[in-house]
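For reference, the chains in residue letters:
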Amino acid sequence: MDPVRRIAIIGSGPSGFYAAGHLLKALGDGCTVDMFDRLPTPHGLVRSGVAPDHPKIKSVTRVYDKTAGHASFRFFGNVTFGTDVNHDELVARYHAIIYAVGTPDGRLLGIPGEELRGSWAATDFVGWYNGHPDHAAHEFDLSVKRAVVIGNGNVAIDVARMLMLDAGELAATDTADYALQALRASQVEEVVVVGRRGPAEAAFTNPELLELGELAAADVLIEPQGCADAAAMPEETTARRNVEILRDLAHRPPSGKPRRIVLRFLASPTEIHGDDEGRVRAVTLEQNELVADAAGTVRAQPSGVSERLEAGLVLQAIGYRGAQLPGVPFDPHSGVIPTTDSRVIGEDGPRLGEYAVGWVKRGPSGVIGTNKKCAQETVDALLEDLAAGRLLDPEPQTDEQLEAFVAERQEHHVHYEGWQAIDRHERERGEADGRPRVKLTLVEHMLDVARGR
Ligand SMILES: Cc1cc2nc3c(=O)[nH]c(=O)nc-3n(C[C@H](O)[C@H](O)[C@H](O)COP(=O)(O)OP(=O)(O)OC[C@H]3O[C@@H](n4cnc5c(N)ncnc54)[C@H](O)[C@@H]3O)c2cc1C
Ligand SMILES: NC(=O)c1ccc[n+]([C@@H]2O[C@H](COP(=O)([O-])OP(=O)(O)OC[C@H]3O[C@@H](n4cnc5c(N)ncnc54)[C@H](OP(=O)(O)O)[C@@H]3O)[C@@H](O)[C@H]2O)c1
């Protein structure tokens, strides 16, 4: 048997990098980690999800750079699992495979009118302003006066805030250049954020909610009667603090800023309406009442009362879902890879040497740090199987053979050094304007820079 355990990690977001870090710490030179990503750039949603006006959060990538500097680590960017390399090829070459591919797709409500121009999953908007190559070509019509954001999580807050930042707040960010231009010229004056349940049930976290009240150009408007009595809620919980923050915001008189974020609770969109040219013009909102089921879960129940709200842009921020990888089990209901104790479950039970980590294992929730603990659990399962002799038994491979295999499948693959060249290039482009970086948003340009052109 090959004395070195060769591990493939598919996906270079936080969960993939934490898994690599834990593996290299536990096994050192006794393993090699080959990390694949479909993009030439690593770091998943840290690059393409985290909001551009939150640069400090992105400094977490220094930890990933340290992992990437380990002699037993290699990065193969611009290599897609399922097309460039497939399941059976990796099973034949590696002792274990860890799927860390995240959950790339936006969920939609499935209501009439979603196909209209101006109706989007928030995922598209987030990918667009962050310069993700899949989303760089979208065109958002920001000549409209009102946008509606559906959902009460942090992604809803991110997209509402990005729509309301003024030119000064946008200036020092790494927002993709085309988006920066469009957002600077935006005529959107009001963003209505719609939650199906009440303030006490919102999924916002406290700092993100507080930040909404600190925008340079937008006031926050809330109906105070919608806010539950915080005193009756369990102490020191995120929900109670959210309600307190919302009450404070609700009682703050508008300061006359030119834009507004309106937080509407207890309402669900039931239809999106268009004009003769197929563009979004309005949304029907149905009011809800809260009911607690037998288990005490508070649910939204339609009241039968609805209203029409004029709007030209609708962004649904109701969560993400995974996409099926060819040859890998997938649960279409929950949108994740089915696992037990991080081991991938196939038709006949756990699959030998296959594991999942991060959002594609747990579902699309949790902050960057949540993936560190999640990755420890995945690596612990792998190490337990290694000790018990339960990994795959591939033909012995050298580093050179694996490199040649990848090169044959995708001649334009990008090593970490190639990414570092892209990183330097982007940072240099940003320097003159005091921006962290000016992102490359086309794969061809990334490949040119990675190759030193
Ligand atoms: C809009 C948004 C903003 C967020 N902001 C914050 C924040 O400010 N702070 C915070 O702590 N958390 C934030 N989060 C949460 C955080 O981003 C996630 O917890 C984390 O990124 C999940 O990590 P992951 O590795 O599971 O998935 P991802 O980060 O999605 O990484 C998955 C990787 O897999 C790659 N991949 C996918 N398919 C393939 C394939 N077939 N072949 C090869 N590679 C593939 C992708 O290109 C990607 O690089 C945010 C999330 C979102 C959606
Ligand atoms: N700054 C940050 O730290 C940051 C930024 C962005 C994202 N994140 C993290 O990334 C994760 C994902 O965030 P997210 O906002 O996508 O998801 P989320 O936190 O799960 O919020 C999803 C929201 O969508 C609502 N929703 C779901 N189905 C709905 C439906 N059918 N109709 C109406 N509303 C519906 C949910 O309401 P119900 O509760 O009623 O289901 C909830 O308010 C979270 O853990 C988040 O904290 C963090």
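Owing to the predicted nature of the structure, the values given are computational and were not obtained by experimental measurement.

Draft legend 1. A look at the packing of aromatic side chains. Under the definition given, this model contains 16 aromatic pairs. Where Y18 meets Y64, the ring centres are 5.3 Å apart and the plane angle is 80°; that geometry is what we call edge-to-face. Of this pair, Y18 sits in helix α1 (residues 14–27) while Y64 sits in helix α3 (residues 61–68), and the two are 46 residues apart along the sequence. With a relative accessible area of 10%, Y18 lands in the buried category. We classify Y64 as buried; its relative accessible area is 0%. With 5.3 Å between their ring centres and 25° between their planes, F36 and F76 make a pair best called stacked. Taken as a pair, F36 in strand β2 (residues 31–37) and F76 in strand β3 (residues 73–77) lie far apart in primary sequence, 40 residues in all. There is no split in this pair, since F36 and F76 are both buried. A network of ring pairs unites the aromatic residues F17, Y18, Y64, F73, F75 and Y416 as a single cluster.

Draft legend 2. Quick peek at the side chain of T41. Along the polypeptide, T41 turns up in the loop between β2 and α2 (44–48). Looking at T41, the relative accessible area reads 3%, which means it is buried. Every residue in contact with T41, bar those within four places of it in the chain, is listed here: S12, R47, F75, W419, I422 and M446.

Draft legend 3. Structural detail: the site of ligand 1. Near ligand 1 you find 31 residues, and of these S15, D37, W359, G366 and I368 are the closest. At 3.1 Å from a nitrogen atom of ligand 1 is found a main-chain nitrogen or oxygen belonging to R38. Here an oxygen atom of ligand 1 sits 2.9 Å away from a polar atom, N or O, in the main chain of L45. Summarising the interface, the protein chains cover 89% of the accessible area of ligand 1, which totals 1000 Å² for the free molecule. Those elements giving two or more residues to the shell around ligand 1 turn out to be α1, β2, α2 and α6 (154–164). Residue composition of the shell around ligand 1, by class: 17 nonpolar, eleven polar and three charged. Each of two domains, domain 1 (5–104 + 322–450) and domain 2 (106–320), supplies a minimum of three residues to the shell around ligand 1.

Draft legend 4. Fine view of the site of ligand 2. Around ligand 2 sit 20 residues, and of these N152, R196, R197, E208 and G366 come closest. Within the side chain of E208, one N or O atom sits 3.0 Å away from a nitrogen atom of ligand 2. One of the backbone N or O atoms of G366 is found 2.7 Å from an oxygen atom in ligand 2. Against a free-state accessible area of 920 Å², the protein chains account for coverage of 78% of ligand 2. Among the elements that take part in the shell around ligand 2, α6 stands out by supplying three residues, more than any other. Classifying every residue of the shell around ligand 2 gives eight nonpolar, seven polar and five charged. The two domains that each donate at least three residues to the shell around ligand 2 are domain 1 (5–104 + 322–450) and domain 2 (106–320).

About the criteria used
- Going along each chain's sequence as written, the residues are numbered from 1 onward.
- All chains are assigned letters beginning at A, and all ligands numbers beginning at 1, according to the order in which they are written.
- Given that this is a predicted model, residues contribute local features only at a pLDDT of at least 70 and side-chain atom pairs are listed and counted only at 80 or more, while totals for whole chains, interfaces and linings are drawn from all residues.
- Computation of side-chain values: all heavy atoms of the structure, hydrogens and water removed.
- For Phe, Tyr and Trp, rings pair up if their centres lie within 6.5 Å, where Trp contributes its six-membered ring, and each pair is then called stacked (planes under 30 degrees apart), edge-to-face (over 60) or tilted (otherwise).
- Here a strand is any run of E in DSSP of at least two residues, a helix any run of H or I of at least four, and the numbering for each starts at the N terminus.
- For every residue, the accessible area (1.4 Å probe, protein chains only) is compared with the maximum for its type, and the residue is labelled buried under 20%, exposed over 50%, or partly exposed between those bounds.
- Whether two residues are in contact is decided by their heavy atoms, any of which lying within 4.5 Å being enough.
- Proximity is defined per residue: any heavy atom of the residue falling within 4 Å of a molecule or strand makes that residue near it.
- Polar contacts here mean pairs of N or O atoms no more than 3.5 Å apart (in protein, one a potential hydrogen donor and the other a potential acceptor; neighbouring residues in sequence count only if both atoms are side-chain atoms).
- Method for areas: the Shrake-Rupley scheme with a 1.4 Å probe, in which residue coverage is limited to the protein chains shown.
- The nonpolar class holds Ala, Val, Leu, Ile, Met, Phe, Trp, Tyr, Cys and Pro. Asp, Glu, Lys and Arg form the charged class, and all remaining residues, Gly among them, are polar.
- Domain limits in this description derive from either an automatic procedure or a database domain assignment.

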